[in-house]
Amino acid sequence: MTTNRSIVSTSEDDKFPSEKNGVFEVKNTKEVFIALLKNPLVFEKNEEKVNIRFIGLDKDDRLYKEISEEASSALNYFQENIGPYPFEQLEIIVDQLGYVHIKEAE
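Residues numbered from 1 in each chain as written. Predicted model: local features only at pLDDT ≥ 70, side-chain atom pairs only at ≥ 80, totals over all residues. Heavy atoms only, no water.

> Break down the side chain of Gln89 for me, citing the residues and quoting the values.
As for its position among the elements, Gln89 is in strand β5 (residues 89-94). Within the structure, the side chain of Gln89 is placed 2.7 Å from the side chain of Glu91, a separation counted as a polar contact. (Helix = DSSP H or I, 4+ residues; strand = E, 2+ residues; numbered from the N terminus. Polar contact = N/O pair within 3.5 Å; in protein donor to acceptor, adjacent residues only side chain to side chain.)

> Quick rundown of the environment of Val42? Include the residues and the values.
Inspection of the secondary structure assignment puts Val42 in strand β3 (residues 41-47). Look at Val42 and you get partly exposed, because its relative accessible area is 27%. Here the alpha-carbon distance between Val42 and Phe54, two residues 12 residues apart in the chain, equals 5.6 Å. (Buried < 20%, exposed > 50% of the residue type's maximum accessible area, 1.4 Å probe, protein only.)

> Explain helix α1 (residues 61-81) residue by residue, including any values.
The end-to-end C-alpha separation of α1 is 30 Å, in line with the 30 Å expected for 21 residues at 1.5 Å each. Listed in full, the buried residues belonging to α1 are Leu63, Tyr64, Ile67, Ser68, Ala71, Ser72 and Leu75. Projected down its long axis, α1 carries its buried residues within an arc of 160°, all on one side. Set apart from the buried face of α1 by more than 90 degrees, the exposed residues are Arg62, Lys65, Glu70, Tyr77 and Glu80. At the exit of α1 stands Gly83, carrying a positive phi of roughly 145°. (Expected span 1.5 Å × (residues − 1). Arc of directions from axis to C-beta.)

None of this, on its own, says anything about what the molecule does.
The structure is reproduced here in structure tokens:
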């Protein structure tokens, strides 16, 4: 893989930037999310024992701050009204048009 690309998946073992060589293996899984991104911007925060990882392509700090606040609020609402979030990680991917895609890592 070229040096400016990273693989994003539902795996908690994703590394940024991705290693140049490797194997992606899936066993006994109903569905999987995989994306190949060029020069992704990645930052993380912990909220109520859940690691929230934000992945995007645009360096718009205002957009990521707003998304971060909304994600934290939604996660807190979920845990207060529904129950503990069942995963250790929540990933939010923002595409070039500003659309948000959410994936849950098991």
